[in-house]
Amino acid sequence: MTDFSRMWIGGQWIAGDMGTRPVLNPTNGTTLANVPEASPEQAIAAIAAARAAQPGWAALSPLQRGQVMHRIAALIRNHAEPLARLVVQEQGKTISEARGEVGGAAEFFTYFAEFARRIQGEILPSDAPGEQIWIQRVPVGVVTAIIPWNYPAALVSRKVAPSMIAGNAIVLKPHEETPLSALYMARLFAEAGVPDGVVNIVTGGGATVGAALTSHPDIDLVTMTGSVPTGRKIMTAAAANLVPVSLELGGKAPLIVMEDADLDLAVASAVTSRFMNCGQVCICNERMLVHDAVYDTFVERFITATKALNIGDPMLESTDIGPKVSALELEKVERITAAAIAEGARPLLQGGRPETAPVAGGNWLLPTVLGDVTPDMAIMKDEIFGPVVPVMRVRSFEEAMQITNESRYGLSAYLFTNDFSRIMRAVQDVRFGEIYVNRIGPEALQGYHTGYRNSGPGGDDGLHGLEAYLRKKTVYANYSGKSPVGLMPWNGR
Ligand code: NAD
């Protein structure tokens, strides 16, 4: 039985100064564990522990750091099943999806460990003889990371792995509703031999611990995944100290189906992309734009496929959709749906709470499909983050492009067509950080997961994701034996 009553700061297992907070199972409402509620002072102590540990970690070669990371990846794989079950218990996604998430959590470590021999610099010619200029990549220093509840294991790895290979120390705060996977992984980090203070997992509230971690002057980077309002607060707090931020915020992905699309593929993709993780993914299909010529067929088939989904206990392999993560999130989605209907949207499939709960005490919400929507309705603009989807008829590719880009968000977009010209035009014209053509996510480790506009400045994954965790240092080396004074171009040399 894992002990969740302590968090990991400076290599020590520590109780929370503010007591504990219960973690509820969204499937049945029972309490899974009581986790430490850190005080802001403990969050600051974790920053100090990271600061103290960072130079020693950075002094290792990247290959040595990578070896520790390979051990972490192996441990995550050894613990894959208990960790996946924990993800299901605390978050509510299905066991199949949780196994995929944990596989991803291990892969992040393997992938970033492989950068050990690839963190490169540049050598530039100097203006003067006997000199060398080079630019090298160095760690940023101390990173604070804030993550949401929808991928409680994979997002730990997504932040910790690039931080480690870069030579940084990190303090990570999981979401208060889903801290168990992070605490479980902390034990694996310790077992893998991560030096004390290089990784710290601090649990507690957003307004207290999160705010302390992101407003502290002695940090070098804030990386956060979460909602737009929180992202705004974090950016404001970090701005006071001129600390750079990387924010991965919400999305409102359009899923465009043109008249020439492979409809089998489009329907199956649209269903998966809306209902995976009960609709709680930043890249989920949030609004469907379907060409008039195939609209009726598409909608009929989409609804048939949706009705066939199995909603129930996420621990069962036969389940397609589990519960919403919390009662609060469920009520939020209900409010958005009711407001859309009040604005004139028509339920083509009416979901809502089931008459009989699949498991008593869970946060159950059946899928809803809304037709008769217009681009100005809130349901077409605001992130839903649940099993509810609007579908709109479009009469041309150009109309689909226009509605796609009329969004505060700019994370992921989906296009289903076999028309090469339209594909290329979409690639040029869609103002989103990610475009999927004839397929859906998930994103790849070697890609760059980045959003435009309110989806947040910053990005994760791949070489460009790693860049955020490194900074550059320029070295001017004079080996000529002469004073370089007087050699500056503006000194009239
Ligand atoms: P949230 O913003 O409510 O919480 C995210 C984290 O921020 C939590 O750990 C929370 O405790 C912390 N926090 C809250 N207030 C804070 C403050 N004042 N200072 C510092 N930290 C604070 O988000 P959520 O509800 O957990 O997650 C859902 C959102 O995350 C959705 O909008 C979703 O689209 C987004 N998301 C984005 C991506 C992406 O890669 N772009 C991935 C997953 C989720």
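## Some points on the packing of helix α2 (residues 62-78) against helix α5 (residues 154-166)
Helix packing geometry: the angle between the two helix axes and the distance between the axes.
Next, step 1: Relative to each other, α2 and α5 sit at 155°, their axes nearing to 8 Å. Viewed along their axes, α2 and α5 adopt a mutual orientation that is roughly antiparallel. Together, Pro-62, Arg-65, Gly-66, Val-68, Met-69, Ile-72 and Ile-76 of α2 and Ser-157, Ala-161, Met-164, Ile-165 and Ala-166 of α5 make up the contact between the two elements.
Next, step 2: By residue class, the composition of the contact of α2 with α5 is 9 nonpolar, 2 polar and 1 charged.

## Re the packing of aromatic side chains
Geometry of an aromatic ring pair is reported as the spacing of the ring centres plus the angle between the planes.
Next, step 1: Per the counting criterion, the structure on display carries 9 aromatic pairs.
Next, step 2: In textbook terms, an aromatic cluster arises when at least three aromatic residues are bridged by ring pairs, as seen for Tyr-111, Phe-112 and Phe-115.
Next, step 3: Looking at Lys-93, its charged tip hangs above the ring of Tyr-151, at a distance of 4.1 Å from the centre.

## Some words on the site of the ligand
Next, step 1: In the vicinity of the ligand lie 28 residues, with Glu-176, Ser-227, Thr-230, Leu-249 and Glu-383 positioned nearest.
Next, step 2: Between the ligand and Glu-176, the relevant distance is 2.5 Å, taken from an oxygen atom to a side-chain nitrogen or oxygen of the residue.
Next, step 3: In the environment of the ligand, an oxygen atom lies 2.8 Å from a nitrogen or oxygen atom belonging to the side chain of His-449.
Next, step 4: Here the ligand, which alone exposes 850 Å², has 90% of that area covered by the protein.
Next, step 5: Looking at the shell around the ligand, the elements with two or more residues in it are α7 (206-215), β10 (221-225) and α8 (228-240).
Next, step 6: If one sorts the elements of the shell around the ligand by residue count, α7 sits on top with 4 residues.
Next, step 7: Looking at the shell around the ligand residue by residue, the classes come out as 12 nonpolar, 11 polar and 5 charged.
Next, step 8: Residue-level mapping places the shell around the ligand at the junction of two domains, with at least three residues from each of domain 1 (7-249 + 456-474) and domain 2 (253-437).

## Details of the nonpolar core
Next, step 1: Within the largest apolar cluster, 127 residues are counted, with the highest numbers of intra-cluster contacts made by Ile-76, Phe-109, Met-164, Phe-189, Val-199 and Phe-298.
Next, step 2: Per-element accounting of this core gives the leading share, 10 residues, to helix α4 (residues 95-113).
Next, step 3: Residue contacts for Phe-298: discarding those within four places in its chain leaves Val-257, Leu-263, Ala-266, Val-267, Ala-270, Met-288 and Val-290.
Next, step 4: In terms of nonpolar packing, the next biggest core, distinct from the first, is built from 28 residues, Met-258, Ile-336, Leu-370 and Val-373 among them.

Basis of the calculations
- Every chain is numbered on its own, with residues counted from 1 as its sequence reads.
- Whole-chain, interface and lining totals are the exception, using all residues; otherwise, since this is a predicted model, local features are given only for residues with pLDDT of at least 70 and side-chain atom pairs are given and counted only at 80 or more.
- In computing side-chain values, all of the structure's heavy atoms are included and hydrogens and water are not.
- Fitted lines through C-alpha atoms give the axes, limited to the stretch in contact for helices. The angle between two N-to-C directions lies from 0 to 180 degrees.
- Only DSSP runs of H or I with at least four residues qualify as helices, and only runs of E with at least two residues qualify as strands; both kinds are numbered from the N terminus onward.
- If an angle is under 35 degrees, it is roughly parallel; if it is over 145, roughly antiparallel; if it lies from 65 to 115, roughly perpendicular; otherwise it is oblique.
- Two residues qualify as a contact provided that any one of their heavy atoms is within 4.5 Å of a heavy atom in the partner residue.
- Think of it as three bins: nonpolar holds Ala, Val, Leu, Ile, Met, Phe, Trp, Tyr, Cys and Pro, charged holds Asp, Glu, Lys and Arg, and polar takes everything else, Gly as well.
- Here is the rule: rings of Phe, Tyr and Trp (six-membered ring for Trp) pair when centre to centre is within 6.5 Å. Planes less than 30 degrees apart are stacked, more than 60 are edge-to-face, and the remainder are tilted.
- Counting as a charge over the ring demands two things of the Lys NZ or Arg CZ atom: a distance within 6 Å of the ring centre and an angle within 35 degrees of the ring normal.
- Think of it this way: one heavy atom of a residue within 4 Å of a molecule or strand is enough to make that residue near it.
- Polar contact criterion, stated in full: a pair of N or O atoms within 3.5 Å, where within protein one must be able to donate a hydrogen and the other to accept it, and residues adjacent in sequence count only if both atoms are side-chain atoms.
- Areas reported as accessible are Shrake-Rupley estimates using a 1.4 Å probe. Residue values count occlusion only from the protein chains shown.
- For each domain, the first and last residues come from an automatic or database assignment.
- Side-chain atoms within 4.5 Å link the members of a nonpolar core, which is a set of buried Ala, Val, Leu, Ile, Met, Phe, Trp, Tyr and Cys residues.
- Partly exposed residues are those whose accessible area sits between 20% and 50% of the maximum for their type, while under 20% is buried and over 50% is exposed, using a 1.4 Å probe and protein chains only.

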